[in-house]
Protein chains: 2
Amino acid sequence: MVTIKQVAEYAGVSVATVSRTLNDSGYVGKESRRKVEEAIKVLGYYPNEVARSLYQKSSKMIGLLLPDISNPYFPLLAKGVEDYAQQNGYMVILGNVEDNADKEDMYVKFFSQYNISGVLSAASGKRKNNDRVPYVLLDRALEEENYSISTDDRLGGKLAGQAILESRGQNIIVMAGPRHVSGANDRLSGALSVLNAAGASYRVFETETFQVDRAEETAQRLFDTFKSFDSVIASNDVYALAVMKEAIKRKYRIPEDIQIIGYDDMLFSRLMYPGLTTIAQPAYEVGFKGAEMLVNLIEKKVIIDKKVKLKPELIRRDSLR
Amino acid sequence: MVTIKQVAEYAGVSVATVSRTLNDSGYVGKESRRKVEEAIKVLGYYPNEVARSLYQKSSKMIGLLLPDISNPYFPLLAKGVEDYAQQNGYMVILGNVEDNADKEDMYVKFFSQYNISGVLSAASGKRKNNDRVPYVLLDRALEEENYSISTDDRLGGKLAGQAILESRGQNIIVMAGPRHVSGANDRLSGALSVLNAAGASYRVFETETFQVDRAEETAQRLFDTFKSFDSVIASNDVYALAVMKEAIKRKYRIPEDIQIIGYDDMLFSRLMYPGLTTIAQPAYEVGFKGAEMLVNLIEKKVIIDKKVKLKPELIRRDSLR
């Protein structure tokens, strides 16, 4: 790597002059400035961020904690984070914490050791933010945290419940996501409020996790547990897909015998057949806006809307009657 | 953050004593050591990695360049990288470069500014590695690069061609992935070698990209371009899914009228119906072994097998006759 000393030597000026030119502070003669700029260009010099970060006690790095990168929702969210960060000169450090509090702690420690300038967390653990760095929650809002970008999950649950009722669901299974994920509780309560108001007949199927590698066994368990039903409100699109496959294996027709609604709107939900009716979550936007809020916090800008709630949307395809 | 000075104060010893204790160098009395260790525990002190990295000119961070994180193949690969890194005390910095050479250059510059200790690149750009940090290519091997973990794409192409022939493909479309991706060329040449040897009738459909947001228009173009065919060897599972959907929309039955084979073996390929017959790539393993090779390089261990080629595998499901 090119050093500031080499730049000074090439330009034939002092290190102090190069430094003043770089920082745009103090007097630098026109000719000296020209020489320094030329030397920087020719040698390909750029300042060492590590030295800068040590001096300023913060880096241009942000940490991103995700619960499960193999769930296709999170790469979309990560893409939003990364796009905003990249456009604004920040780098993203990835931490896949898998609903594991120890892993989350380890990353937070890592982040602190590297003077990371802020953290975006979509992890579902109950860990409180005791760090002094700016911190934005993604995908959920908590009373004790000041800043968050989330989707209105209660509204999402209501939309799913309404869609099922409108397509004449008689005997409905509502899959309840993990109880420690606040968004999952909000969806469930939104869906149940609509079903209760309509006096609909439903049962709640408890699932412990959103982890994708548990989708198939969960779908099998659903069919083994409940003998007759005609509608499923699934925890997310991956689980909806698994339920659909299990239904077809057991010779049910979709949507005639069993109708299914998902949650998320993944790429495959659009590309599969029958197309999955689902509640679209703005994953990319959650990531992008979250990164924007975090960078504004880091750069000490005023943030008016501290707890942003984005709206989910019903996407009609072919899996409801 | 707790400083070494605070540790010294709490322990009632000098900063030099704390430093000697931490580095296990020079003499430290038994009682002083006990006090320092207690202070470290009570205060929750850990050394600042930024300072260490500046001094040692390398960090415990590795950069990961991906061409498209919304393509579900890459999150799996990233998970493999992240798991190995995490188990070995390294952090992963994510760069989504989207087949864009400028973005790739920007990240490489970023990485250098942060004294990153090594780079894993699955980006498909033609950028040469001129950096002094250890560098491992993922997903492809190039003559001019010393270290790589890839899948034997030529074998993968052969397996796909053989499977189509065994299920009596008569009129075959082979989707050729982007020409600047060496793996895509290898798959194509593997498939064509098998089809040629059998004297099969086929046509090559050129596609410029693997980007997932182009899958639907590409599938439509395929059906508009070729009027009669009964088999498709798709570029990857996302494109196979798009072709399948377009086929069903145009009232073809799968696999009776048109049979399709994918490439990758994504989660949805297993969960969709009909299940997609595909060539499984060990995405997680590519990432995990790549990170292992990189960390071994960083830690100056001997690497015997510098260009590792993993084997792809035919996964039979229901999309072939």
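Residues numbered from 1 in each chain as written. Chains lettered and ligands numbered in written order. Predicted model: local features only at pLDDT ≥ 70, side-chain atom pairs only at ≥ 80, totals over all residues. Heavy atoms only, no water.

A closer look at the side chain of Thr207 of chain B
Okay, step 1: Checked against the element boundaries, Thr207 of chain B lands in the loop between strand E7 (201–206) and helix H9 (215–225).
Okay, step 2: Looking at Thr207 of chain B, its side chain comes within polar contact range of the main-chain oxygen of Ala176 of chain B, at 2.7 Å. (Helix = DSSP H or I, 4+ residues; strand = E, 2+ residues; numbered from the N terminus. Polar contact = N/O pair within 3.5 Å; in protein donor to acceptor, adjacent residues only side chain to side chain.)

Side note on the sheet that holds strand E2 (residues 91–96) of chain B
Okay, step 1: One open sheet holds the twelve strands; their spatial order is E11(A)-E5(A)-E4(A)-E3(A)-E1(A)-E2(A)-E2(B)-E1(B)-E3(B)-E4(B)-E5(B)-E11(B), and the pairing between them is mixed. Looking at strand neighbours, the two that pair on one side only are strand E11 (307–310) of chain A together with strand E11 (307–310) of chain B, the edges of this open sheet. Going from strand to strand, the sheet's axes swing by 20° on average, the running direction of each strand aside.
Okay, step 2: Two strands pair when backbone bridges link them, and strand E1 (residues 61–66) of chain B and strand E3 (residues 118–121) of chain B are joined in this way by four bridges, in the parallel orientation. Its bridge partner lying in E3 of chain B, Gly63 of chain B is registered against Val119 of chain B.
Okay, step 3: On the sheet, helix H6 (residues 101–113) of chain B packs against strand E2 (91–96) of chain A together with E1, E2 and E3 of chain B and is oriented at approximately 180° with respect to E1 of chain B. (Pairing = 2+ DSSP bridges. Axes fitted to C-alpha atoms, helices over the stretch in contact; angles between N-to-C directions. Contact = heavy atoms within 4.5 Å.)

A look at the relation of the copies chain B and chain A
Okay, step 1: Between chain B and chain A, the superposition needs a rotation of 179° and an axial shift of 0.1 Å, giving an RMSD of 0.3 Å. Within this description, the copies of the chain are treated as partners about a two-fold rotation axis. When C-alpha positions in chain B are compared against the rotation axis, the closest is assigned to Ile93 of chain B, at 2.2 Å.
Okay, step 2: Residue by residue, 100% of the interface of chain B is reproduced at the interface of chain A, so both copies engage with the same surface. (Least-squares fit on C-alpha atoms with pLDDT ≥ 70 in both.)

Examining the domain arrangement of chain A
The figure often quoted for interface size is the accessible area lost as the parts come together.
All names here are of chain A.
Okay, step 1: Entries for chain A in the domain assignment read domain 1 (4–47), domain 2 (57–151 + 283–311) and domain 3 (153–281).
Okay, step 2: Opposite the 17 residues of domain 2 that make contact, domain 3 presents 15 residues.
Okay, step 3: Carbon and sulfur atoms make up 49% of the area that domain 2 and domain 3 hide from each other, which totals about 1,300 Å².
Okay, step 4: Taken together, the residues of the side of domain 2 that touches domain 3 sort by class into six nonpolar, four polar and seven charged. (Domains from an automatic or database assignment. Buried area = accessible area lost by both parts, 1.4 Å probe. Nonpolar A, V, L, I, M, F, W, Y, C, P; charged D, E, K, R; others polar.)

Points about unusual backbone geometry
Okay, step 1: With an omega dihedral of -5°, the bond running from Tyr273 of chain A to Pro274 of chain A counts as a cis peptide bond.
Okay, step 2: Looking at the element boundaries, Pro274 of chain A is found in the loop between helix H11 (267–271) and strand E10 (278–280).
Okay, step 3: Geometrically, the link from Ile254 of chain B to Pro255 of chain B is a cis peptide bond, its omega value of 5° lying close to zero.
Okay, step 4: In this structure, Pro255 of chain B sits in the loop between helix H10 (237–249) and strand E9 (259–264).
Okay, step 5: We note that Arg168 of chain B has phi near 60°; this positive angle belongs to a residue other than glycine.
Okay, step 6: Mapping Arg168 of chain B onto the fold places it in the loop between helix H7 (153–166) and strand E6 (171–176).
Okay, step 7: Despite not being glycine, Lys300 of chain B has its phi angle at roughly 60°, a positive value.
Okay, step 8: Along the chain, Lys300 of chain B falls in the loop between helix H12 (283–298) and E11.

Side note on the packing of aromatic side chains
How two aromatic rings sit relative to each other is given by the distance of their centres and the angle of their planes.
All names here are of chain A.
Okay, step 1: Across all of its chains, the model carries 15 aromatic pairs over all chains by this definition.
Okay, step 2: Considering the side-chain rings of Tyr107 and Phe111, the 5.9 Å spacing of their centres and the 50° angle between planes classify their relative orientation as tilted. Here Tyr107 pairs with Phe111, and both are found in helix H6 (residues 101–113), just four residues apart, close to one helical turn.
Okay, step 3: Through a chain of ring-to-ring contacts, the aromatic side chains of Tyr84, Tyr284 and Phe288 assemble into a single cluster.
Okay, step 4: Just above the ring of Tyr263 sits the side chain of Arg187; from NZ or CZ to the centre is 3.8 Å. (Phe/Tyr/Trp six-rings, centres within 6.5 Å; stacked < 30°, edge-to-face > 60°. Lys NZ or Arg CZ within 6 Å of the ring centre and 35° of its normal.)

Here we look at the pattern of salt bridges
Okay, step 1: Here the structure, examined in full by the defined rule, presents 30 salt bridges over all chains.
Okay, step 2: We note a salt bridge from Glu216 of chain A to Arg270 of chain B, for which the minimum N-O separation is 2.7 Å. Taken together, the residues Glu216 of chain A in helix H9 (residues 215–225) and Arg270 of chain B in helix H11 (residues 267–271) connect one chain to another.
Okay, step 3: Given a relative accessible area of 30%, Arg270 of chain B falls into the partly exposed group.
Okay, step 4: As a salt-bridge pair, Glu166 of chain B and Arg316 of chain B come within 3.5 Å of each other at their nearest N and O atoms. On the criterion of sequence distance, the pair formed by Glu166 of chain B in helix H7 and Arg316 of chain B in the segment after strand E12 (313–315) is long-range, its members being 150 residues apart. (Salt bridge = Lys/Arg side-chain N within 4 Å of Asp/Glu carboxyl O. Buried < 20%, exposed > 50% of the residue type's maximum accessible area, 1.4 Å probe, protein only.)

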